[in-house]
Amino acid sequence: MIVFPGNDLGGPETTRLALASPRPGGDLPKVLGVQAAPCFDGCGGAEVANLNTSLLLEHATGVYLHPGLTGHRIAQDPEGIQAGRSWSPRFLVEGQPEQTDNSLTIKARDEDAQLALETRVEAMAGGSLRIRHTLRNLGADSFLLEGLEVRLPLDDQQTQILDFAGRHERERSPQRHDLVDGAWVREFRWGRTGFEGPVVMVGIPGFNFYHGRVLCVQPAWSGNTVLRVDRNSATPAGVSAGELLLPGEVVLSQGQEYSTPWIVATASDHGMDPIMNSLHAWERTLPEHPREQPVILNVWEAIGFKHDFDTLRDLADRAARIGVERLVLDDGWFHLRRDDTAGLGDWWVDPAVWPQGLKPLANYVHKLGMQFGLWFEPEMINPNSDAFRDHPEWVMRASSRNPELQRNQLVLDLTNPQAFNHVLEAMTKVLESCQIDYVKWDHNRDLLEAGSQVHGGAPAIHEQTLAYYRLLDTLRARFPKVEWESCASGGGRIDLGVIEKIRRFWNSDMTDALSRQLIQRWTEQTVAPEYIGAHISQPSSQQTGRTYSLDFRAATAVFGSMGIEWDIRQASEKDLERLKEWITWYKANRGFLHSGRVVRLDLADPSVLAHGVVAPDRSRAILAHVQLDESLHNRGVYLRIPGLDPKARYRLVWTGPAKPRASLEHLDPTGPLGTAEVTGTYLERVGIRIPRCQPETIRLIDLVRV
Ligand code: GLA
């Protein structure tokens, strides 16, 4: 048996993969389990008898579920074109697996089918594993690949699925289902990551933030993906994950190969929070990881498409005065773009609005000591644009008919080198025209009938996704100082693929703080809070019309990458003063908030949320008690904080500019206003009692080890 990785590599939990030892010339090794360490310790190398499958489901081995590899070979023989060859390979292992401390590679081939498979497993910093298959065509005839998925087994008690529903302005809402015989399949066909995933967790029923054995699987990819959890009477349940390929997207001629995206697997014995923290730990090792996120003012909700220098100067002055560090000019600065019906594709500054280009504004912002950011939507084109009028062949479409418009726009075919170069060079010119420190890279429609006219309308989402990565990488290389944000109508392109290339995600176009509490909570399942753009909106939300206090809005934003999305010309002097206090608090605490272990507490009262951050050395924690709505009772809640130093004593104080109401004082001598010091064990087992509070209010508590 191989247990990979053999040692814990640090991180909240280490995910381990146990495989039967591969035998040269034998079948692909069976997977005995994917579990959190210390599982598989003490097996003594026993080859556990099992019914399980390999990392690739093979029909030929007697598995009657959706196969891991689907596709076939097209052969030309004297009787004409013959489809359906090599459709049921059975791979046999070649040689010994190659294993290092953090990687394992197994090679296999099927001589009959003339296909070779390489499976690579890597241990990620933080404890997760990532796995990918690479398929190579050894035969002379083309192999039409329909799908290639990595399979990870579940144990027989892991029978509850948690994944996400989601839409524009309501990204990533959890939903649970029980696993039954048959298939649960999630296809993400949007052509971009989507508002709801791609992520699935499967665990013992009722698993929660801190309880239950759970396996989380997610493809690190920004195009189409598929997740399936299935079982039948003969084959135990498992999760399969891969890229969702459209007809003809991957055709391998002799010697060509295709690799799946990395499939990231994270196991936990203690619910979803350790999974989340494993991923955050990995993200914090990435070269692009943002160590310190500046406070942003994004002017989208303040001015929309109405750009003029005087307004922006006024906003910039006020922003600088309250401590904002970066001003972002959103949609509306380029050719024809006075509303959302025109201009996409014409990436040059519109002299009608900006007669001297963007330089005067960029310079003004820099003189105030702030950075300057700019919005682009590079993969899109409006029919009302010079780009479209000159090059209708640059639009993605499957036939002679253009796809239906979404937000008045079509998708630019980046797989067409001319279209690619047009955007690349146009963006380059703008980025060279003045000092631009940050780009908000948007993507505001799904890919419908996304064929490439270069190839007669053949589907091209796979190639478009690669072209997007290439365009972003080329621009990153040309402008190494620019910081890039991934946005897609809000949080439609948040995934473990693009995260290696960017510094920030725009998490949602929903800036209503109450909704944001939930969206942020579940985005954090995959993404560390410092990546999550969280902006303070105007008092009455533009999306919901609900009105909240500034303290509620600000205390929601400070946990993420804080910003403002509000016409602060309308803010009173008192509000500006308070904003400044929150910004000051954020600056003093962001280093802590963005380096610690995130905790989300399991509470009995659905009207209350609690979450926070614990320092890696457990010397401090900051917690938020969020009263979302009216509680149905007066019993209050107990905040039990896991993972503090059990024997150490902690002192609790309120923190943040907002002072809790007087009625909260003196309620609990061990609570934030009492003087008693309590141990980590007490805080984990008994917890701090917080009474019922007014809806739409937040209290921040600082726990300091004494
Ligand atoms: C998308 C983004 C918004 C804003 C608009 C501009 O909806 O998510 O933040 O940039 O586009 O058109």
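Conventions we followed
Residues numbered from 1 in each chain as written. Predicted model: local features only at pLDDT ≥ 70, side-chain atom pairs only at ≥ 80, totals over all residues. Heavy atoms only, no water. Pairing = 2+ DSSP bridges. Helix = DSSP H or I, 4+ residues; strand = E, 2+ residues; numbered from the N terminus. Contact = heavy atoms within 4.5 Å. Axes fitted to C-alpha atoms, helices over the stretch in contact; angles between N-to-C directions. Buried < 20%, exposed > 50% of the residue type's maximum accessible area, 1.4 Å probe, protein only. Parallel < 35°, antiparallel > 145°, perpendicular 65-115°, else oblique. Nonpolar A, V, L, I, M, F, W, Y, C, P; charged D, E, K, R; others polar. Phe/Tyr/Trp six-rings, centres within 6.5 Å; stacked < 30°, edge-to-face > 60°. Lys NZ or Arg CZ within 6 Å of the ring centre and 35° of its normal. Domains from an automatic or database assignment. Buried area = accessible area lost by both parts, 1.4 Å probe. Salt bridge = Lys/Arg side-chain N within 4 Å of Asp/Glu carboxyl O. Polar contact = N/O pair within 3.5 Å; in protein donor to acceptor, adjacent residues only side chain to side chain. Near = heavy atom within 4 Å. Areas by Shrake-Rupley, 256 points an atom, 1.4 Å probe, with all protein chains shown as cover. Core = buried A, V, L, I, M, F, W, Y, C linked by side-chain atoms within 4.5 Å.

Asks: When you look at the sheet that holds strand β38 (residues 649-655) in this model, what are you seeing that I'm missing?
Replies: In sheet architecture, strand pairing relies on hydrogen bonds along the backbone and comes in two forms, parallel and antiparallel. Read from one edge to the other, the open sheet built from six strands follows the order β34-β35-β36-β41-β38-β39, with strand pairing classed as antiparallel. Edge positions in the sheet fall to β34 (597-600) and β39 (678-679), since each has one partner strand and no second. Pairing of β38 with strand β41 (residues 697-705), which is carried by six bridges, proceeds in the antiparallel orientation. Across the sheet, residue Thr-655 finds its bridge partner in β41, namely Leu-700. Sitting on the sheet, helix α8 (residues 513-523) is in contact with β34, β35 (608-614), β36 (620-627) and β41, with an inclination near 45° to β35. Contacting β36 and β41, helix α9 (residues 550-557) crosses the sheet at an angle of about 50° to β41.

Asks: Just checking my understanding: could you explain unusual backbone geometry for this structure?
Replies: When glycine is set aside, most residues are seen to have a negative phi, and most peptide bonds are trans. Here the amide bond leading from Ala-37 into Pro-38 is cis, since omega sits at 10°, within 30 degrees of zero. You can see Pro-38 is positioned in the loop between β3 (31-36) and β4 (69-77). Cis rather than trans, the peptide bond between Gly-197 and Pro-198 has omega equal to -5°. Summarising the element assignment, Pro-198 is placed in the loop between β14 (182-188) and β15 (200-203). Phi at Gln-114 takes a positive value of approximately 60°, unusual for a residue other than glycine. Tracing the backbone shows Gln-114 in the loop between β8 (103-110) and β9 (115-123). On the basis of relative accessibility, which here comes to 28%, the residue Gln-114 falls in the partly exposed class. The phi angle at Glu-449 is positive, at roughly 45°, despite the residue not being glycine.

Asks: Can you help me understand the sheet that holds strand β33 (residues 561-565) in this one?
Replies: Taken together, the eight strands give a closed barrel; going around it, the order is β22-β23-β24-β27-β30-β31-β32-β33, and neighbouring strands pair in parallel fashion. Averaged over all pairs of adjacent strands, the angle between strand axes in this sheet comes to 30°, irrespective of strand direction. Of the strand pairs in this sheet, strand β27 (residues 438-441) and strand β30 (residues 483-486) are connected by four bridges, and their pairing is parallel. Bridging across to β30, Tyr-438 finds its partner in Glu-483. Contacting β24 (371-376), β27 and β30, helix α6 (residues 417-433) runs over the sheet at an angle of about 160° to β24.

Asks: Can you walk me through α9 in this structure?
Replies: Burial analysis of α9 places seven of its eight residues in the buried class, the great majority of the element. All of the buried residues in α9 are Leu-550, Phe-552, Arg-553, Ala-554, Ala-555, Thr-556 and Ala-557. Buried-residue contacts for α9 involve α8, β32 (532-537), β33, α10 (573-593), β36 and β41.

Asks: Would you mind going over the packing of helix α3 (residues 309-322) against α10 with me for this structure?
Replies: It is the contact of α3 with α10, at a shortest axis distance of 8 Å, that shows an interaxial angle of 50°. Classified by the interaxial angle, the pair formed by α3 and α10 is oblique. Counting all contacts with α3, which are made through Arg-318, Arg-321 and Ile-322, the residues of α10 involved are Glu-573, Leu-576, Leu-579, Lys-580 and Ile-583. Looking at side-chain class alone, the contact of α3 with α10 contains four nonpolar, no polar and four charged residues.

Asks: Whenever I open this one, the packing of aromatic side chains confuses me. Can you help?
Replies: Any two aromatic rings considered together are summarised by their centre-to-centre distance and by the angle between their planes. One pass over the structure, following the stated rule, counts 18 aromatic pairs. With 6.1 Å between their ring centres and 65° between their planes, Trp-441 and Trp-484 make a pair best called edge-to-face. With a gap of 43 residues between them, Trp-441 in strand β27 and Trp-484 in strand β30 connect regions that are remote in the sequence. The pair formed by Trp-441 and Trp-484 is uniform in burial state, with each residue classed as buried. Between Tyr-548 and Phe-552 the ring centres are 5.1 Å apart and the planes differ by 40°, which places this aromatic pair in the tilted class. On the basis of relative accessibility, which here comes to 1%, the residue Phe-552 falls in the buried class. Site record: aromatic cluster; members linked through ring pairs are Trp-221, Trp-441, Tyr-468, Tyr-469 and Trp-484. Lying across the ring of Tyr-468, Arg-493 places its NZ or CZ 3.5 Å from the centre.

Asks: Any chance you could explain the pairing of β41 here in plain terms?
Replies: The two faces of a sheet get side chains in turn, since along a regular strand they alternate between them. Burial of β41 is extensive: seven of the nine residues sit out of reach of the surface. The pairing of β36 with β41 spans eight bridges and is antiparallel. Across the sheet, residue Val-626 finds its bridge partner in β41, namely Ile-698.

Asks: Honestly, the domain arrangement of the chain in this entry has me stumped. Any pointers?
Replies: According to the domain assignment, the chain consists of domain 1 (2-283), domain 2 (296-595) and domain 3 (601-705). On a C-alpha basis, the centroid separation for the pair domain 1 and domain 2 is 34 Å. For the domain 1 and domain 2 pair, buried surface summed over both sides reaches about 3500 Å², with 56% attributable to carbon and sulfur atoms. Taken as a group, Arg-172, Arg-192 and Glu-283 account for 20% of the area that domain 1 buries against domain 2, more than any other trio of residues on that side. Across the pair Arg-192 and Asp-446 runs a salt bridge, and its minimum N-O distance is 3.0 Å. If you look at where domain 1 meets domain 2, you find 23 residue pairs in polar contact (both at pLDDT 80 or more). For the side of domain 1 that touches domain 2, the element with the most residues is helix α1 (residues 272-283), which contributes seven residues.

Asks: How should the site of the ligand be read in this particular structure?
Replies: Of all residues adjacent to the ligand, which total 13 residues, the nearest are Asp-330, Asp-331, Arg-407, Lys-440 and Asp-509. In the model, an oxygen atom of the ligand is placed 3.1 Å from a nitrogen or oxygen of the Asn-444 side chain. Side-chain polar atom of Trp-506 to an oxygen atom of the ligand: 3.3 Å apart, as the coordinates give it. Notes on the ligand: free accessible area 310 Å², of which the protein chains cover 96%. The residue makeup of the shell around the ligand, split by class, is four nonpolar, three polar and six charged.

Asks: Even after reading the chapter, I still don't get the nonpolar core, so can you show me in this structure?
Replies: It is characteristic of soluble globular proteins that their nonpolar side chains tend to be buried jointly. Among the nonpolar cores identified, the biggest contains 155 residues, and Leu-329, Trp-333, Ile-568 and Leu-703 are the most heavily contacted of them. Beyond its immediate sequence surroundings of up to four residues, Trp-333 is in contact with His-307, Arg-338, Trp-347, Trp-348, Val-349, Asp-350, Trp-354, Leu-358, Leu-374, Trp-375, Phe-376 and Val-430. Counting 34 residues, the second-largest nonpolar core is a separate cluster that includes Val-31, Val-34, Leu-154 and Val-202.

Asks: Where do I start with the pattern of salt bridges in this structure?
Replies: When charged atoms on two side chains of opposite charge get close, those side chains can pair. All told, the structure shown has 49 salt bridges when counted by the stated rule. Between Glu-530 and Arg-284 there is a salt bridge whose closest N-O contact spans 2.7 Å. Residue Glu-530 is found in the loop between α8 and β32, and its partner Arg-284 is found in the loop between α1 and β22 (296-298); the two are separated by 246 residues along the sequence. As far as the burial class goes, Glu-530 and Arg-284 line up, both buried.

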